[in-house]
Amino acid sequence: MFRSLRVRNYRLYAMGQIVSNSGTWMQRVAQDWLVLQLSGGSGVALGVTTALQFLPMLFFALWGGAIVDRLSKRGLLITTQALMGGLALGLGLLVTLGAAQVWHVYLFALALGLITVLDNPARQTFVMEMVGPKDMSNAVALNSASFQLGRVVGPAVAGLLIAAIGSGPVFLVNALSFLGVIAGLAMMRPSELNVTEPAPRAKGQIREGLRYVAGRRDLVLLLVMIAFVQLFGSNGQNLIALMVNNVFRAGAQAYGVAAACFAVGALAGALIAARREAPRLPVLLAGAFTFGLCQIVAGLMPTYLVFTLVLIPLGIAFMTFTATMNAFFQLNVDGQMRGRVMAMYMLVFLGVAPIGAPIVGFLADAFGPAASLITGGVVGVVVTTVIAIALGRTLGVGVRVTPLRRPFVELTRRPLAESA
């Protein structure tokens, strides 16, 4: 399960990520709660904040991927992490001084999104350079586990801090947490990295990447599925906040506990994924299908307690889907195309958030957060079923859908990662 940690460079990276991820999730909870307090509990305001943070992915992701393919990933990550820490420091000072307004949060969210255009594909592709292809799937899953560990610790601590001393100090703590990542990157041994030969600077590199993906029908179908599942799933954190605040009328500490329950499930899902040697299509489809079902069930829950309990299997399903998908994309593309392909992956994975966030916010304001959550689940279940059938026809495999029992979606051929 932890075999990638034998690699020194990856150990340094992972330790820094554990610290930084906790700080990042503390800020996410503080940011959501701050927007709700400044806007009077507006779902639209919360959706706009999320949209602005992910909007740059829609416009600049492909450009960012082309840049990443031409640069040193390690040097680029040191720069982006330092900039993100500076943003957290600036917003923290504004909140602590009592000068923060909703438009300030909007502005900082947009700036963070612009940096993410380069940071995300760089982080995704840097994993291969640290551990190589043999341990790639394991390292991706451990990265997800680290992210979810931060998701467990961060929201719980943030809820307590917000209730005790307010949101401002939470942003300042996150600013300090970036020092852990930067230190880990600086201490690495460059000679032990499996550096991919940089793509030479040339015209038409974005078009070249688009043609590469367009020629892979399996990738195209999976990207379509990601788009629809993430349209609502990527805004799950917003819906959890709205359910806790607007439906169950609970406070910041209760929101932190709910977010942590989702993270516990996601952490478990990531550790389970780390035990798999290679990404498998049936597991990927089952994760997406179950995620949709759990969204529906969560929206139907009548009390805060049972709602938070459902968030655990919801997190397991979500991480099964995302970790498997990420590993498949990284392991089945050409090395010099990896930055551009992962940029397209992140464009879809994160870029649909600006579209989905206002929709989710509108549905929550108009019909209630529960209705919005159920709608997203129905979309996920239907789209996953359709894509599973389409993939079966494309790859020449048999597909059987069994909604009432596991594994929900079953294929009668070897894993996609082996057949690509």
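Keep in mind that what you see is a predicted model, and the values were worked out from it rather than measured.

**Some points on the confidence of the model for the protein**
Okay, step 1: Considering every residue of the protein, the mean pLDDT works out to 81; 90% of them sit at 70 or more.
Okay, step 2: Within the protein, helix H16 (residues 416-419) has the poorest average pLDDT of any element, 40, and helix H3 (residues 73-96) the best, 91.

**What to know about the side chain of aspartate 119**
Okay, step 1: By secondary structure assignment, the location of aspartate 119 is in helix H4 (residues 102-131).
Okay, step 2: Side chain to side chain, aspartate 119 and arginine 123 meet in a polar contact 2.6 Å long.
Okay, step 3: For aspartate 119, the contacting residues outside a window of four places in its chain are Leu77, Thr80, Gln81 and Met84.

**Examining helix H2 (residues 43-70)**
Okay, step 1: Between its first and last C-alpha, H2 extends 40 Å over 28 residues, near the 40 Å set by a 1.5 Å rise per residue.
Okay, step 2: At phenylalanine 60, H2 shows its maximal kink, close to 70 degrees.

**A short note on the environment of leucine 347**
Okay, step 1: Secondary-structure assignment places leucine 347 in helix H13 (residues 338-351).
Okay, step 2: Overall, leucine 347 belongs to the buried group, its relative accessible area being 19%.
Okay, step 3: Spatially, the C-alpha atoms of leucine 347 and proline 121 are 9.6 Å apart, while their sequence positions differ by 226 residues.
Okay, step 4: Not counting chain neighbours up to four residues away, the residues in contact with leucine 347 comprise Met57, Leu58, Ala61, Leu62 and Val352.

**Looking at the packing of aromatic side chains**
Okay, step 1: Throughout the structure, instances matching the rule amount to 10 aromatic pairs.
Okay, step 2: Here the aromatic rings of phenylalanine 262 and phenylalanine 318 are separated by 6.0 Å at their centres, their planes lie at 45 degrees, and the arrangement is tilted. Highlighted residues: phenylalanine 262 in helix H10 (residues 252-274) and phenylalanine 318 in helix H12 (residues 304-331), separated in sequence by 56 residues. With respect to class, phenylalanine 262 is no different from phenylalanine 318; both count as buried.
Okay, step 3: Summarising the aromatic geometry, the rings of phenylalanine 329 and tyrosine 345 are spaced 5.1 Å apart at their centres and angled 45 degrees between planes, so their arrangement reads as tilted. Of this pair, phenylalanine 329 sits in helix H12 while tyrosine 345 sits in helix H13, placing them 16 residues apart in sequence. For the residue pair phenylalanine 329 and tyrosine 345, the accessibility class agrees, reading buried in each case.
Okay, step 4: Among the aromatic side chains, those forming a connected cluster through ring pairs are Tyr10, Tyr13 and Phe126.

**Concerning the pattern of salt bridges**
Okay, step 1: Counted by the stated rule, this structure contains 4 salt bridges.
Okay, step 2: With its nearest N and O atoms 3.9 Å apart, the salt bridge here joins lysine 73 to glutamate 129. Placement of the pair is lysine 73 in helix H3 and glutamate 129 in helix H4, with a sequence separation of 56 residues.
Okay, step 3: Its relative accessible area of 6% is what places lysine 73 among the buried residues.
Okay, step 4: Overall, glutamate 129 belongs to the buried group, its relative accessible area being 4%.
Okay, step 5: Between glutamate 192 and arginine 189 there is a salt bridge whose closest N-O contact spans 3.0 Å.
Okay, step 6: According to the relative accessible area criterion, glutamate 192 is partly exposed, its value standing at 35%.

Here is what the cut-offs are and how they apply
- What you see as residue numbers is a count from 1 along each chain, following the sequence as written.
- Totals for whole chains, interfaces and linings use all residues, but because this is a predicted model, local features are given only for residues with pLDDT of at least 70 and pairs of side-chain atoms are given and counted only at 80 or more.
- Each side-chain value is derived from all of the structure's non-hydrogen atoms; neither hydrogens nor water enter the calculation.
- As a per-residue measure, pLDDT tells how confident the predictor is, with possible values from 0 to 100.
- Here a strand is any run of E in DSSP of at least two residues, a helix any run of H or I of at least four, and the numbering for each starts at the N terminus.
- Whenever two N or O atoms come within 3.5 Å, that pair is a polar contact, provided that in protein one can donate a hydrogen and the other can accept it, and provided that, for residues adjacent in sequence, both atoms are side-chain atoms.
- A contact between two residues is defined here by any heavy atoms of the two lying within 4.5 Å.
- To estimate the expected span of a helix, subtract one from its residue number and multiply by 1.5 Å.
- A residue's bend is the angle separating two fitted axes: one through the seven residues that end there, the other through the seven that start there.
- The buried label goes to any residue with under 20% of its type's maximum accessible area, the exposed label to any with over 50%, and the partly exposed label to all in between, with areas taken from a 1.4 Å probe on protein chains only.
- Geometry of aromatic contacts follows a simple scheme: Phe, Tyr and Trp rings, the Trp one being its six-membered ring, pair when their centres are within 6.5 Å, and the pair is stacked under 30 degrees between planes, edge-to-face over 60, tilted otherwise.
- When a carboxyl oxygen of Asp or Glu is within 4 Å of a side-chain nitrogen of Lys or Arg, the pair counts as a salt bridge.

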